[in-house]
Amino acid sequence: MEQESAAYFGEAFARNIGIITAEEQQRISAATIAIAGLGGVGGVYAQSFARMGVGHFHLADLDVFETVNINRQFGANRDTFGKPKVLMVRDQVLAINPHAGTEVFEQGFSEANAEEFFKGVDLAIDGPDFFNIDARRVYFREARKRGIPVITAAPIGFGSAAYIFAPDGMDFDEYFDLHDGLEKKEMLFRFAIGLAPAMLQRKYFRPTTIDFDDHAAPSFVSGILAAASITTTFGAQVLLGKPVQTAPHSIHFDPYVLRYRRTYLPFGNRSPWRRLIREIARKLYLK
């Protein structure tokens, strides 16, 4: 079996060599990646990292695929409606690499299973639904406790914003100015405004279409693919020990408006300037 796995691996990921070295490919194959949330971005993250040659996955989601997922969720099709996302995505990973190690958490990620979920993990990927802010805060907190970096990429319109949160750098709550005691709607609003300080998508994206009460927001497949491209690139850099810029640094790319920006907010979204922008946005967009 080990010989069969080595033969498959050598052929399946041979075209990666030249972009990365054979030694780097082996390091990636030995890595374990955790992805909580396998809907909009999570499913394509899992498939992309599998095609990169990552050898071990911890996957968590408690939802099933539905018709409304078709426009953006990789794994959603008529044959998978009503089926658990975590099992469908696991099968997609194994269809790419039948020798990959996969652990599934059908009840989703929670503080209760954080120890098991993050055991042996080298890199965590942020995939929970945008509106699941409580679980996302726990996810970042628990990963940080264990010294695990987390990559988060937000598909916004046709593009994406992306961050790497290092366990010894600015944390998620600090960057987005979140804390216990805030109402959930306020947390979601701060998260939304904080994700895209470059505002590259402002010419065409209408934030008023985000419904903070009924938890609905527009999403487009191009943004999903942009987020996956950036996330897997960042992921390769982290796994290979390359120098990276972490939060409060971020990058923003939108091919629709042909713009790319890097941002640096030394105080995150807690600075007087960012708070002023948040209050202006509140008056314009929050109903």
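Report follows, based on the coordinates.

## Describing the overall build of the protein chain
Within the protein chain, the regular secondary structure consists of ten helices and eight strands. For 287 residues, the compact-globule estimate of 2.2 N^0.38 gives 19 Å, and the C-alpha radius of gyration of the protein chain, at 19 Å, lies within 12% of that figure. Overall, the protein chain is about 60 × 40 × 40 Å in size when its C-alpha atoms are taken along their principal axes. When the 287 residues of the protein chain are sorted by exposure, 51% land in the buried category. Relative to all contacts within the protein chain whose residues are 6 or more apart in sequence, the contacts with residues 24 or more apart total 69%. Taken as a whole, the protein chain presents about 14,000 Å² of accessible surface, with 53% of it coming from carbon and sulfur. Across the protein chain, the 32 positively charged side chains and the 33 negatively charged ones have centroids separated by 9 Å.

## Quick look at the nonpolar core
Nonpolar side chains tend toward joint burial in soluble globular proteins. Phe109, Phe117, Phe118, Tyr139, Phe165, Phe172 and Phe176 are the most contacted members of the largest nonpolar core, which totals 46 residues. The set of elements that each furnish at least two residues to this core consists of β1 (32–36), α5 (114–117), α6 (133–145), β5 (150–156), β6 (159–165), α7 (172–176) and α8 (184–195). For this core, the element with the highest residue contribution is α8, accounting for six residues. Apart from residues no more than four positions distant in its own chain, Phe118 is found in contact with Ala34, Phe109, Ala124, Tyr139, Glu142, Ala143, Arg146 and Ile148. Within the second largest apolar cluster, 41 residues are counted, among which are Ile20, Ile33, Val44 and Ala50.

## Examining empty space enclosed by the protein
Under the defined criterion, the tally for this structure stands at one cavity of 30 Å³ or more. The volume enclosed by the largest cavity comes to roughly 70 Å³. Mapped by element, the contributors of at least two residues to the lining of the largest cavity are β6 and β7 (249–254). Here the residues of the lining of the largest cavity are counted per class, giving seven nonpolar, four polar and one charged.

## Here's the deal with a positive patch on the surface
Together, Arg202, Lys203, Arg259 and Arg261 make up a region of like positive charge exposed at the surface. Within the fold, Arg259 resides in strand β8 (residues 259–264). Assessed through its relative accessible area of 32%, Arg259 is described here as partly exposed.

## A word on the pairing of strand β3 (residues 101–105)
Taken residue by residue, a regular strand's side chains alternate between the two faces of the sheet. With five bridges connecting them, strand β2 (residues 56–60) and β3 associate as parallel partners. Bridge assignment links Phe57 to a residue of β3, and that residue is Thr102. For the segment spanning β2, helix α4 (residues 85–96) and β3, crossover handedness is right-handed.

## Considerations on the environment of Ile148
Its place among the elements puts Ile148 in the loop between α6 and β5. With 125 residues separating them in the primary sequence, Ile148 and Glu23 have C-alpha atoms 23 Å apart. Ignoring sequence-local partners within four residues, the contact set of Ile148 consists of Phe118, Val121, Asp122, Leu123, Ala124, Ala143 and Pro167.

## Focus: the environment of Ile230
Turning to its location among the elements, Ile230 is positioned in helix α9 (residues 221–239). Here the alpha-carbon distance between Ile230 and His252, two residues 22 residues apart in the chain, equals 9.7 Å. With residues up to four places along the chain from it excluded, the contact list for Ile230 reads Ser160, Ala162, Ile251 and Phe253.

## A look at a nonpolar patch on the surface
Taken together, the side chains of Trp273, Leu276, Ile280 and Leu284 present a nonpolar region at the surface, about 450 Å² in accessible area. Examined against the element boundaries, Trp273 turns out to sit in helix α10 (residues 272–285). The class for Trp273 is exposed, based on a relative accessible area of 58%.

## A closer look at α9
Helix length check: α9, at 19 residues, gives a terminal C-alpha distance of 26 Å against a target of 27 Å (1.5 Å per residue), a fit within 8%. Where α9 ends, the next residue or the one after it, Gly241, has phi of about 70°, a positive value.

## Observations concerning the sheet that holds β5
The strand order across the open sheet formed by eight strands is β3-β2-β1-β4-β5-β6-β7-β8, and the pairing between neighbours is mixed. Two strands in the sheet have a free side with no partner beyond their single neighbour: β3 and β8. Each strand of the sheet is rotated relative to its neighbour by a mean of 15°, with strand direction disregarded. Pairing of β5 with β6 involves seven bridges; the strand directions are antiparallel. Residue pairing for β6: Ile151 is matched across the bridge by Ile164. Sheet strands touched by α4: β2 and β3. Its angle to β3, the strand with the most contacts, is close to 175°.

Cut-off values and rules
Residues numbered from 1 in each chain as written. Predicted model: local features only at pLDDT ≥ 70, side-chain atom pairs only at ≥ 80, totals over all residues. Heavy atoms only, no water. Helix = DSSP H or I, 4+ residues; strand = E, 2+ residues; numbered from the N terminus. Rg over C-alpha atoms; globule rule 2.2 N^0.38 Å. Buried < 20%, exposed > 50% of the residue type's maximum accessible area, 1.4 Å probe, protein only. Contact = heavy atoms within 4.5 Å. Areas by Shrake-Rupley, 256 points an atom, 1.4 Å probe, with all protein chains shown as cover. Lys, Arg positive; Asp, Glu negative; His and termini not counted. Charge placed at Lys NZ, Arg CZ, Asp CG, Glu CD. Core = buried A, V, L, I, M, F, W, Y, C linked by side-chain atoms within 4.5 Å. 1 Å grid on protein atoms, 1.4 Å probe; cavity = no way out; pocket = protein on both sides within 12 Å on 5 of 7 lines; lining within 4 Å. Points joined across faces, edges and corners; volume = space filled by probe spheres on them. Nonpolar A, V, L, I, M, F, W, Y, C, P; charged D, E, K, R; others polar. Patch = residues over 30% accessible without salt bridge, like charges linked within 9 Å, V, L, I, M, F, W, Y side chains within 5 Å. Salt bridge = Lys/Arg side-chain N within 4 Å of Asp/Glu carboxyl O. Pairing = 2+ DSSP bridges. Right-handed = clockwise from strand over helix to strand, strands pointing away. Expected span 1.5 Å × (residues − 1). Axes fitted to C-alpha atoms, helices over the stretch in contact; angles between N-to-C directions.

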